[in-house]
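Residues per chain are reported as follows:
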Amino acid sequence: MRRIYLDNNATTRVDPRVLDAMLPYFCEQYGNAASRSHAFGWEAEEAVSRGREQVARLIGAGEKEIIFTSGATESNNIAIKGVAAMYGDRGKHIITQVTEHKAVIDPCKWLEQRGFRVTFLPVDRNGLVDVEQLKDAMTDDTILVSIMYANNEIGTIQPIGEIGRACKERGVVFHTDAVQAFGKVPIDVNELGIDLLSCSAHKIHGPKGIGALYVRRKNPRVRCEPVIHGGGHERGMRSGTLNVPGIVGLGRAAELCGEHRDTEPASLAKLRDRLKDGIFAQLDEVYLNGHETQRSASNLNLSFAYVEGESLMMGFKDIAVSSGSACTSASLEPSYVLKALGVGDELAHSSIRFSVSRFNTEEEIDYVIERVVETVRRLRELSPLYEMAREGVDLKSVQWSAH
Amino acid sequence: MAYGDKVIDHFEHPRNVGSLDKNDEHVGTGIVGAPECGDVMKLQIQVDENERIVDAKFKTFGCGSAIASSSLATEWVKGKTLDEALEIQNTEIVKELALPPVKIHCSVLAEDAIRAAITDVKRKLHKSDGVPGAATEAVK
Ligand SMILES: Cc1ncc(COP(=O)(O)O)c(C=O)c1O
């Protein structure tokens, strides 16, 4: 059976050029980058420093400012818990927002139980934080602001530069979880005033289990207490023998994004818009979740009124996507991100996230449009809500037997 | 999550999709669930003079298991008397469709829909007899 992968915000296919770069570091140049006494170690060290340079270059950083981690979950943990531990005597207040990834929300909640105060800013209908509200939330006790670059479910891109400036004015450390923006949006940490930035290889056609944290070294110098203690690798901020093949893969993946920076975001946006336009042209009552224009080029999140997300995915099971429907989560709650936007629960249950990559083609998108349209039509014929809406019943006025 | 073969079969070839005239004296309508919860089932039955179910139709908003549960429910009620149909248990639906624990609520909803449709048609049939206390359907 033909399969189409449109879940690239969850993870991506490794680019063969990335794999080629990694392969020699398994069975030939397998040294420990910390071994100073022989060529195996030197080769590994060289590969690591090239990876550091490649990652640094993509975000306008210096190579000494890159710390390798096991992925963005770990990067976020080091950034948030590490800053809290390092600067906890200066203040106990952290500001973040409600649609962050769990890898930011949960470390913040963990700190909340340990004497820190956390402000979770709300977002508007498009998923944007209000920078004025953020400024108002800052106090002399605020030590950290953590706001994601682009949202993983709805693609909304936050006003990172404005937030960076607001943080500079108050001397507050600014961390951004840039997993969904890294390699897709031009990022310059100095221009944007970013002090800490998390990224991950597997979202940009690199391998899983490797990521990085950018830690600013000057104006100001930012320090994080480690979360993992040991041999003092990565300037003491992240101990553990370096994952050399992973680092080579992350570096090469970042380099490829850099090489294609002038064309790739535009071609992803073109695929995304082709999908959106094709669906909107044939179906009514489809709603876009997230910001119309200020959004990641890869992400399209739509709610198909009157049909439930899991049944849609079952209807086009040859197409890999994800849904904000409760039925797809362990919690039986629909997506907290969509809820935060004020999307009603019924539309959250009807949401599908499509996310494209450099490996998708226009021909695939056209096939997806056809399958989505036919499945939505079929399931609407099966939907009592669609029938009632057609009959002119206002679904909001109905007294449902909630269960 | 992988689905059982019977769920897939009912999902891809749902039985008895559609609507009956809800104003007909011999048609009972049950609508259960809520859009905010992610599932709404409408199940309708038509009875003859002997209170035997001669036709059944459904429409469902919900996941594949909810659609399969209601599709199966329409198959099972057809040909039964109202009292026989009342004996259908959600656990039988769970067993037939091999529903995993997280999908048991779909079968509960299907059982509720059958009961709501039966209550509705009984209320209509016995209205003239003045039988009191019959519950009304979920939707006004
Ligand atoms: C916004 C965001 N932050 C963090 C993560 C976690 O990244 P990783 O899988 O590298 O730990 C993800 C990916 O799931 C993400 O989308």
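Here goes a summary of the coordinates provided. Note that the structure is a prediction, hence the values are computed from the model and not measured.

### So, the overall build of chain A
Consideration 1: When you go through chain A residue by residue, the secondary structure sums to 15 helices and 13 strands.
Consideration 2: Relative to the 2.2 N^0.38 estimate, which gives 22 Å for 403 residues, the radius of gyration of chain A is 22 Å and therefore close to what a compact globule would have.
Consideration 3: Within chain A, the proportion of its 403 residues that are buried is 59%.
Consideration 4: Relative to all contacts within chain A whose residues are 6 or more apart in sequence, the contacts with residues 24 or more apart total 72%.
Consideration 5: In chain A, 48 side chains carry a positive charge and 55 a negative one; their mean positions are 4 Å apart.

### Digging into the site of the ligand
Residues and elements named next belong to chain A.
Consideration 1: The full set of residues close to the ligand is G71, A72, T73, H101, M148, N152, D177, V179, Q180, S200, H202 and K203.
Consideration 2: Separating a nitrogen atom of the ligand from a side-chain N or O atom of D177 is a distance of 2.6 Å.
Consideration 3: Burial of the ligand by the protein amounts to 84% of the accessible area it has alone, namely 390 Å².
Consideration 4: Taken together, the residues of the shell around the ligand break down into three nonpolar, seven polar and two charged.

### A closer look at the sheet that holds strand 2 (residues 39-47) of chain B
All names here are of chain B.
Consideration 1: Pairing is antiparallel in the open sheet, where three strands are placed in the order 1-2-3. Every interior strand has two partners, whereas the edge strands, strand 1 (27-34) and strand 3 (53-61), have only one. Neighbour-to-neighbour, the strand axes of this sheet turn through a mean angle of 10°, independent of strand direction.
Consideration 2: Where strand 2 lies against strand 3, eight bridges are found, and the strand directions are antiparallel. Counted as the bridge partner of L43 is F58 from strand 3.
Consideration 3: Across the sheet, helix 5 (residues 104-125) is in contact with strand 1 and strand 2; its angle to strand 1 comes to roughly 145°.

### Some details on helix 4 (residues 72-87) of chain A
Residues and elements named next belong to chain A.
Consideration 1: Between the first and last C-alpha of helix 4 there are 22 Å, a value that for 16 residues agrees with the 22 Å anticipated at 1.5 Å per step.
Consideration 2: Counting buried residues along helix 4, 12 of its 16 residues qualify, which places the element largely inside the surrounding structure.
Consideration 3: Here helix 4 has its buried residues at A72, E74, S75, N76, N77, I78, A79, I80, G82, V83, A84 and Y87.
Consideration 4: Residues of helix 4 that are buried in the fold lie against strand 2 (66-69), helix 5 (102-112), strand 5 (142-146), strand 6 (173-177), strand 7 (196-200) and strand 8 (211-215).

### A short note on the packing of helix 4 (residues 90-97) of chain B against helix 5 of chain B
All names here are of chain B.
Consideration 1: Relative orientation of the contacting elements helix 4 and helix 5 amounts to 130°, with a least axis distance of 8 Å. Viewed along their axes, helix 4 and helix 5 adopt a mutual orientation that is oblique. At the point where helix 4 passes helix 5, the crossing takes the right-handed sense. Of the residues in helix 5, those in contact with N90, I93 and V94 of helix 4 are I104, S107, V108, A110 and E111.
Consideration 2: The residue makeup of the contact of helix 4 with helix 5, split by class, is five nonpolar, two polar and one charged.

### So, the nonpolar core
Consideration 1: One finds A:L6, A:L275, A:I279, A:F304, A:F354 and B:I45 to be the most contacted residues of the largest nonpolar core, which totals 64 residues.
Consideration 2: Examining the composition of this core, we find that nine residues originate from one element, helix 5 of chain B, more than from any other.
Consideration 3: When near neighbours in sequence (up to four residues on either side) are disregarded, A:F304 contacts A:I279, A:L283, A:E285, A:V286, A:L312, A:S350, A:I352, A:F354, A:V372, A:V376 and A:R380.
Consideration 4: Within the second largest apolar cluster, 63 residues are counted, among which are A:A56, A:I147, A:A150 and A:L338.

### A word on the sheet that holds strand 10 (residues 299-304) of chain A
Residue and element names in this part refer to chain A.
Consideration 1: In space, the four strands of this open sheet follow the order 9-10-13-12, with antiparallel pairing throughout. Pairing within the sheet leaves two strands with one partner each, and these edge strands are strand 9 (286-289) and strand 12 (322-323).
Consideration 2: Summarising the sheet, strand 10 and strand 13 (residues 351-355) pair through five bridges and their orientation is antiparallel. Considered in strand 13, the bridge of L302 is made with I352.
Consideration 3: Strands in contact with helix 10 (residues 264-282) are strand 9, strand 10 and strand 13; relative to strand 10, the strand with the most contacts, it is inclined by about 15°.

### What to know about the interface of chain A and chain B
Consideration 1: Opposite the 29 residues of chain A that make contact, chain B presents 32 residues.
Consideration 2: Between chain A and chain B the total buried area reaches about 2,700 Å² when both faces are included, carbon and sulfur atoms providing 65% of it.
Consideration 3: The interface formed by chain A and chain B includes four salt bridges.
Consideration 4: Put simply, B:K59 and A:E387 hold a salt bridge, and the shortest N to O gap is 3.4 Å.
Consideration 5: Inspection of the chain A/chain B interface yields 13 residue pairs in polar contact (both at pLDDT 80 or more).
Consideration 6: Elements that contribute at least two residues to the side of chain A that touches chain B include exactly helix 11 (309-315), helix 13 (345-349), helix 14 (362-381) and helix 15 (384-390) of chain A.

### A look at the packing of helix 1 (residues 5-12) of chain B against helix 2 (residues 64-77) of chain B
All names here are of chain B.
Consideration 1: At a minimum axis separation of 8 Å, helix 1 and helix 2 run at an interaxial angle of 80°. As far as their axial angle goes, helix 2 and helix 1 are roughly perpendicular. Taking contact as the criterion, the partners of V7, H10 and F11 in helix 1 are, on helix 2, G64, S65, I67, A68, S71, L72 and E75.

### Remarks on helix 5 of chain A
Consideration 1: Of the positions making up helix 5 of chain A, those classed as buried are A:A103, A:V104, A:I105, A:P107, A:C108 and A:L111.
Consideration 2: Looking at the buried positions of helix 5 of chain A, the neighbouring elements they touch are helix 4, strand 3 (93-97), strand 4 (117-121), strand 5, strand 6 and helix 12 (336-340) of chain A.

### Some thoughts on the pattern of salt bridges
For side chains bearing opposite charge, pairing can occur when the charged atoms are close.
All names here are of chain A.
Consideration 1: This structure, assessed with the given rule, holds 37 salt bridges over all chains.
Consideration 2: The salt bridge involving K135 is made with E132; its shortest N-O contact spans 3.5 Å. Taken together, the residues span about one helical turn, with K135 and E132 both in helix 6 (residues 131-137) at a distance of three residues.
Consideration 3: When its relative accessible area of 32% is taken as the criterion, K135 is described as partly exposed.
Consideration 4: Given the relative accessible area of 46%, E132 is considered partly exposed.
Consideration 5: Via salt bridges that share partners, D15, R17, E264 and R358 belong to a single interconnected network.

### With respect to the pairing of strand 7 of chain A
Residue and element names in this part refer to chain A.
Consideration 1: For strand 7, a buried count of five out of five residues is recorded, marking the element as mostly surrounded by other parts of the structure.
Consideration 2: Burial along strand 7 is two-sided: the face carrying L196, S198 and S200 and the face carrying L197 and C199 are both buried.
Consideration 3: Where strand 6 and strand 7 come together, three bridges link them in parallel fashion. Bridge pairing in strand 7 links T176 to L197.
Consideration 4: With five bridges joining them, strand 7 and strand 8 adopt antiparallel strand pairing. Note on strand 8: the bridge partner recorded for L196 is V215.

What counts and how
Residues numbered from 1 in each chain as written. Chains lettered and ligands numbered in written order. Predicted model: local features only at pLDDT ≥ 70, side-chain atom pairs only at ≥ 80, totals over all residues. Heavy atoms only, no water. Helix = DSSP H or I, 4+ residues; strand = E, 2+ residues; numbered from the N terminus. Rg over C-alpha atoms; globule rule 2.2 N^0.38 Å. Buried < 20%, exposed > 50% of the residue type's maximum accessible area, 1.4 Å probe, protein only. Contact = heavy atoms within 4.5 Å. Lys, Arg positive; Asp, Glu negative; His and termini not counted. Charge placed at Lys NZ, Arg CZ, Asp CG, Glu CD. Near = heavy atom within 4 Å. Polar contact = N/O pair within 3.5 Å; in protein donor to acceptor, adjacent residues only side chain to side chain. Areas by Shrake-Rupley, 256 points an atom, 1.4 Å probe, with all protein chains shown as cover. Nonpolar A, V, L, I, M, F, W, Y, C, P; charged D, E, K, R; others polar. Pairing = 2+ DSSP bridges. Axes fitted to C-alpha atoms, helices over the stretch in contact; angles between N-to-C directions. Expected span 1.5 Å × (residues − 1). Parallel < 35°, antiparallel > 145°, perpendicular 65-115°, else oblique. Left-handed = near helix turned anticlockwise from the far one by under 90°. Core = buried A, V, L, I, M, F, W, Y, C linked by side-chain atoms within 4.5 Å. Buried area = accessible area lost by both parts, 1.4 Å probe. Salt bridge = Lys/Arg side-chain N within 4 Å of Asp/Glu carboxyl O.

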